[in-house]
Every structure is written in C-alpha cells, then in structure tokens.
Amino acid sequence: MAEISGKTLMPETFQGTRLDIAGQIGLVWELVKAPLIVPLLRVAVYICLTMSLMLFVERLYMGIVIILVKLFWKKPDKRYRWEPLMEDEESGNSNFPHVVIQIPMYNEKEVYKLSIGAACGLSWPADRLVIQVLDDSTDPAIKNLVEMECLRWAAKGLNIRYQIRENRVGYKAGALREGLKRSYVKHCEFVAIFDADFQPEPDYLKRAIPFLVHNPDIALVQGRWRFVNADECLMTRMQEMSLDYHFTVEQEVGSATHAFFGFNEMRRSTCLSEKVFKKKEPKSTAGVWRIAAINEAGGWKDRTTVEDMDLAVRASLRGWKFVYLGDLQVKSELPSTFKAFRFQQHRWSCGPANLFRKMVMEIIRNKKVKFWKKVYVIYSFFLVRKIVAHMVTFCLYCVVLPLTILIPEVEIPIWGIVYIPSIITTLNAVGTPRSIHLLFYWILFENVMSFHRTKATIIGLLEAGRANEWVVTEKLGDALKIKNNNKAGAKKFRFKIGDRINTMELGFAAFLFFCACYDFLYGKYYFYVYLFLQTITYFIVGIGYVGTIIPS
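How each quantity is defined
Residues numbered from 1 in each chain as written. Predicted model: local features only at pLDDT ≥ 70, side-chain atom pairs only at ≥ 80, totals over all residues. Heavy atoms only, no water. Helix = DSSP H or I, 4+ residues; strand = E, 2+ residues; numbered from the N terminus. Buried < 20%, exposed > 50% of the residue type's maximum accessible area, 1.4 Å probe, protein only. Contact = heavy atoms within 4.5 Å. Areas by Shrake-Rupley, 256 points an atom, 1.4 Å probe, with all protein chains shown as cover. Pairing = 2+ DSSP bridges. Right-handed = clockwise from strand over helix to strand, strands pointing away. Patch = residues over 30% accessible without salt bridge, like charges linked within 9 Å, V, L, I, M, F, W, Y side chains within 5 Å. Salt bridge = Lys/Arg side-chain N within 4 Å of Asp/Glu carboxyl O. Polar contact = N/O pair within 3.5 Å; in protein donor to acceptor, adjacent residues only side chain to side chain. Phe/Tyr/Trp six-rings, centres within 6.5 Å; stacked < 30°, edge-to-face > 60°. Lys NZ or Arg CZ within 6 Å of the ring centre and 35° of its normal. Core = buried A, V, L, I, M, F, W, Y, C linked by side-chain atoms within 4.5 Å. Axes fitted to C-alpha atoms, helices over the stretch in contact; angles between N-to-C directions. Parallel < 35°, antiparallel > 145°, perpendicular 65-115°, else oblique. Left-handed = near helix turned anticlockwise from the far one by under 90°. Nonpolar A, V, L, I, M, F, W, Y, C, P; charged D, E, K, R; others polar.

### A word on the overall build of the protein chain
What the protein chain contains, in helices and strands, is 18 helices and ten strands. Of all 552 residues assigned to the protein chain, the portion counted as buried reaches 55%. The contacts of the protein chain with a sequence gap of at least 6 include a subset with a gap of at least 24, amounting to 82%. Total accessible area on the protein chain stands at roughly 25800 Å², and carbon and sulfur atoms take up 62% of it.

Encoded structure:
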C-alpha cells in the first residue's frame, strides 16, 4: 500500500491557509495601520500632550501662588477679623454661639467611641453645644453600643442626642439633612461635622468659630486632616503624599486667593467588611458650616456621591467665602486595604465628574457670578483637577506610550513624556517632604491607580451604571493593631484567591510586558526600562500584594 501523507488528506487550499495565515494577518495590519491606526494614534498623542500642558500650567500656577502665600500673604487670622470668644462676667456664656456637632455613623463598631469621645471633649460651654449622633446602623448590636455610649456621656451632663431614622433615604446626606430639621437644633447657628473616625482637638471650636462669628460673609471654616495610620504600610504612605499636596497647596491656594475650594470629603474606608449600595452619600467632615449658608445654598442634596462638593459649589456661586486653616488639624484614618482604596478612588473620581455634568450649565447661566470665577470653577477646579488630572496619566503612560512602541511611525516628543511630567511630579511631592524617597514608587503606583480613576471619571461623565455607587465600610480604629499584637501563636489565616486577584491589573501587566519586550528587541529609546518596572507594579497589584491584609 502506498504511504499516505498528510498532504493527501488535507486539501491544498487549507494547507496554503495554514502556512500563510501569519502573512495574511501581517498584510491586513499593514493595510489598516497607515490609513487608520497611525492617524488615530497621532490624534491621541496630541490630546495627551494638550492635557499634560493644561495640568502643567495649573500645577505651575499653584506652585507660584503657594510660594507667594508662604512669603507674603497674611495668615487667616490677619486677613479676616478674628478675636477669641470670652466669657462675660455679667452675661456668662452668651458670647458663645449655639453649635451643633453632627456625627453620622453606619455600623461603626471599631471607631464610634473615638469621635463621640472627641466631640464630648471639645472645649465649649455645655449649654451652648448640642452633640447629635446620627446612627443609620443596620446591626442592632452596634446600634445598642452606640446608644449606650451616648447615654454614658449624657449622664455626665452633656447635651448629646442619639438620633435614628425609620429609613435611610438619602443615606448620609439624608441623615445630615434630617438632623438639622430637629427642633432641638433650630436655635443653633453653626454645625460641625465629624466622621466616626475623626478626632478633633479640644480647642477646635474655639479656633474655628470666631472666623464665622466676626465675618458674616464666611460660610465654612475647614480644618486639615492628619492621618493616624499613615505609616501602616507603603500604600498609606503614598496616599499621604497625594492628600498632603491637596491640603498644603490646593486648599491653601484656594483659600488665600479667595477662590473656591471644595469642602473636604473623606470617602475612604479601612474596612473589616464591605457592603455595596447604589446610593449617593457624602463623607464631609472636619469643617464648620454656617447653617444659614447651607439653607441659602439649597441644603444637602443627594444627586451625586459628592454632596459635600455639591454644597460647596452652590454656596460659592452665591457669594459665600471659605477659609482653610492649615494648622487646625483633625486626626483621621486612611484606607489600608487595596480593595477599600480602589472603591474610594472610584467615588473620588466618578462623583466630581458626574457633578460637573450636572452643574456646568447651571454655572454658565448664573448671572450673579463673575465671568472669571466661572472660568476658574469650570476650567481649573472641574476640568483640569477633576477630569484631566485623572485621565492624562493613564492615557499617556499606560496606553499611548506603549502603542507608539508597537507603531514606530508615531513618536512622542521628549518634553511631553519626560520634562513636563517630571516637573508636575516634583510639584506634587512638595506636600510631604518626609516621603520624598518614595517618589519613584509613588509614580508607579499612581500610574496603576490612574486606570481606576480614568474609568470612574468616564462613568461619571456619561452617568453610566456605577455613577452613584457607594461602598459603605467600617473603619478599623485600633482593631488592626490589636490583631497584630496578638498574632503571636495565632493560627495562619486563609483567604479566598478571588479576593486577592485583580484581573484587569494583570491584563495590563501582560500588555505592558509585551510592549517592553518588543522595545527591548527593536526599540531605540530605552522605554523598556520604565515599562518593565510598570509591569512589575501592575503585577504586584494584580496578585493583591499591596496594602494591609486583614485576617478574616
């Protein structure tokens, strides 16, 4: 019998297809690349360079202003009228205005004592102070603990009210709004808001309230956050670097130039457990509001996940001023697990973009606001800081730059990928000098997080499915320290692999690794050095080896 070969069993057309399939793919690529891919990539490069220049000008402007502020500007107590409030021998405490402290809570088992104790320890006449604990907890055991803590302080003579609602409409925004409707706070002129993990110093009100008492055009006095767990892990150190720039530069510049700065929102969560709610809930805290300004601006609204920023914008458009006090510090907590930090970054990026979508025409049509203030709020505050700043890093360094390696017909000028980003990064690092040695790691990690911020920004602009998503989390307080101190002799904890693996980060790690290898073999600009390092960072995040790992 004649020997039967593979060729006799397979038609010649199939053999040709099998042997030439790589060539056919290459031919199709060449046909599509020149007329379509190359022009699109060039447009992407121009867009990224434009966004980089916008961010560079903004950072340079704030850098110049902050230097002038530090050298020549007067301190807030010199720019505004400020006199300490004193007791009068005849009228007693009548010089002190009535103040309500609002502490919104949701299943805050680990930290509820911190904020309640700090609020009760504030140095302010007891007959001029109302402490309102707004508990929306769904766990009966936790609700009982919070109520008992309130009763304990009430027994010491403090006017502390434990407030619950029949439903959670509006979530935290609804709780704050309902709290101000209570009859026992109608006489209060000012409201201070603290999250469950925030601990103001005893003299907080005595330093902040005089600005509001003596300056009727001031709506808000904002303090600065200090992070009690900044040294917990490398991820919290890098968060501190980003947030310190926000407080040291952005808030200071906005306050000193009488411009607008947003009421701080701490949408973060160091969590033992997490629950996802499709809701709109603010995390506004560490500020003292004039209640009349809140009412004039329309009160708390729950149309986005950034009601605090929403309220601040509306108050600013009505002519109210804000004062930022960098030396008025309040202890708070950073998210130390990557999952919690990722959800936080989604809210911080999605919420402002969604608010911009809903308010841009309202700002433009407002006839009471000067043209240049409209430009500042729309262009500088929203467009550059809340949209461009989130998108440019990811688009340029994680998408466009790797693609130019695969498509060498398109090049990015050296000033666009080295000089300008280096200056921007240096300006960002001035807020935390103690962490300057971590700048390299911060850049790589921020590039990874820029993916989540870009995605969230687009969702907010389009008002897509997750635009109003909020993850409610419990804070850790000292719980993790206790666990770490007791871990000697404890059994090894187990975790589900699905809780640690982040597939999107691993996907980008594979893409960047391929581009790095290609550049190593065929490139001429040594981009592979950066790409390999960025690949490693994406891979580390992808396997969940970042942040604090909490035993279950």
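### A short note on the pairing of strand β2 (residues 129–135)
Across a regular strand the side chains alternate sides, sitting on one face of the sheet and then on the other. Most of β2 is tucked away: seven of the seven residues are buried. A two-sided burial pattern is seen for β2, the buried positions comprising Leu 129, Ile 131, Val 133 and Asp 135 on one face and Val 130, Gln 132 and Leu 134 on the other. Pairing geometry for strand β1 (residues 99–105) and β2, over seven bridges, is parallel. Across the sheet, the residue bridging to Pro 104 is Leu 134, located in β2. The parallel pair β1 and β2, bridged by helix α4 (residues 112–120), forms a crossover whose chirality is right-handed. In this sheet, strand β3 (residues 160–163) lies alongside β2 in parallel orientation, the contact comprising four bridges. Of the residues in β3, the one forming a bridge with Ile 131 is Ile 160.

### Here's the deal with a nonpolar patch on the surface
Side chains of Leu 234, Phe 440, Tyr 441, Ile 501, Tyr 526, Val 529, Leu 533, Ile 536, Phe 539, Ile 540, Ile 543 and Tyr 545 sit close together on the surface and give an oily, nonpolar patch of about 1100 Å² of accessible area. Elements with a minimum of two residues in the nonpolar patch: α14 (439–462) and α18 (527–542). With five residues, α18 is the single largest residue contributor to the nonpolar patch. Within the secondary structure layout, Leu 533 lies in helix α18.

### Some points on the pairing of strand β4 (residues 190–193)
Neither face of β4 is exposed, since Phe 190 and Ala 192 on one face and Val 191 and Ile 193 on the opposite face are all buried. Pairing geometry for β1 and β4, over four bridges, is parallel. Within the sheet, the bridge partner assigned to Val 100 lies in β4 and is Val 191.

### Thoughts on the side chain of Ser 137
In this fold, Ser 137 is placed in the loop between β2 and α5 (140–154). For Ser 137, a relative accessible area of 6% corresponds to the buried category. In terms of polar contacts, Ser 137 uses its side chain to reach the backbone amide nitrogen of Asn 107, at 2.8 Å. Side-chain polar atoms of Ser 137 contact the side chain of Asp 135, separated by 2.4 Å. Apart from the residues within four sequence positions on either side, Ser 137 is in contact with Met 105, Tyr 106, Asn 107, Glu 108, Ile 142 and Lys 143.

### Here we look at the sheet that holds β1
Read from one edge to the other, the open sheet built from eight strands follows the order β3-β2-β1-β4-β8-β6-β9-β5, with strand pairing classed as mixed. With one partner strand each, in any of the chains shown, β3 and β5 (199–200) form the two edges of the open sheet. Summarising the sheet, β5 and strand β9 (residues 321–332) pair through two bridges and their orientation is antiparallel. Of the residues in β9, the one forming a bridge with Gln 199 is Lys 331.

### Describing the packing of aromatic side chains
Throughout the structure, instances matching the rule amount to 23 aromatic pairs. Plain terms: the ring middles of Tyr 525 and Phe 527 are 5.7 Å apart, the flat faces sit at 40° to each other, and that makes the pair tilted. Grouping aromatic residues by their ring pairs yields a cluster made of Phe 513, Phe 520, Tyr 526, Tyr 528 and Phe 532. Seen from the ring of Trp 153, Lys 156 lies directly overhead, with NZ or CZ sitting 4.3 Å from the centre. In this structure, Arg 161 packs its charged tip against the face of Tyr 184, placed 4.3 Å from the ring centre.

### As for unusual backbone geometry
One non-glycine residue, Glu 463, adopts positive backbone phi at about 50°. By the secondary structure assignment, Glu 463 is in the loop between α14 and β10 (469–473). Glu 463 sits in the partly exposed class, given a relative accessible area of 32%. Positive phi is not limited to glycine here, since Tyr 526 has a value of about 60°. Here Tyr 526 lies in the loop between α17 (503–522) and α18. Note on Tyr 526: relative accessible area 58%, which makes it exposed.

### Things to note about the nonpolar core
Judged by nonpolar contacts, the single largest core of 53 residues is most densely connected at Met 235, Phe 338, Ile 412, Phe 445, Leu 531 and Tyr 538. Contributions of two or more residues to this core are made by α2 (12–71), α8 (234–256), α11 (338–365), α12 (371–406), α13 (414–429), α14, α17 and α18. Sorting elements by how many residues they give to this core places α12 first, with eleven residues. Residues in contact with Leu 531, not counting those within four places in the same chain, are Pro 402, Ile 405, Leu 512, Cys 515 and Ala 516. Ranked by size, the runner-up nonpolar core spans 50 residues in total, among them Ile 131, Leu 328, Val 330 and Leu 334.

### Brief notes about the packing of helix α10 (residues 307–317) against α11
In a pair of packed helices, the angle between the axes and the distance between the axes together describe the arrangement. As a packed pair, α10 and α11 sit with axes 11 Å apart at the nearest point and diverge in direction by 20°. As judged from the angle between their axes, α10 and α11 are roughly parallel. The element α10 and its partner α11 pack so that their crossing is right-handed. Within the contact between the two elements, α10 uses Met 309, Asp 310, Val 313, Arg 314 and Leu 317 and α11 uses Pro 352, Leu 355, Met 359, Glu 362 and Ile 363. Within the contact of α10 with α11, the residues separate by chemical class into seven nonpolar, no polar and three charged.

### Comments concerning the pattern of salt bridges
Side-chain pairing between opposite charges can occur once the charged atoms of the two side chains come close. Summed over all chains, the structure comprises 21 salt bridges. Two residues, Glu 58 and Arg 385, come together in a salt bridge whose shortest N-O distance is 2.9 Å. Residue Glu 58 is found in helix α2, and its partner Arg 385 is found in helix α12; the two are separated by 327 residues along the sequence. The class for Glu 58 is buried, based on a relative accessible area of 5%. On the basis of relative accessibility, which here comes to 7%, the residue Arg 385 falls in the buried class. A salt bridge links Glu 149 to Arg 152; its shortest N-O distance comes to 2.9 Å. With Glu 149 and Arg 152 both in helix α5 and three residues apart, this pair spans about one turn of that helix. Exposure remark for Glu 149: the relative accessible area of 6% places this residue in the buried category. Three or more residues joined by partner-sharing salt bridges are found here, namely Asp 231, Arg 237, Glu 240 and Arg 434.

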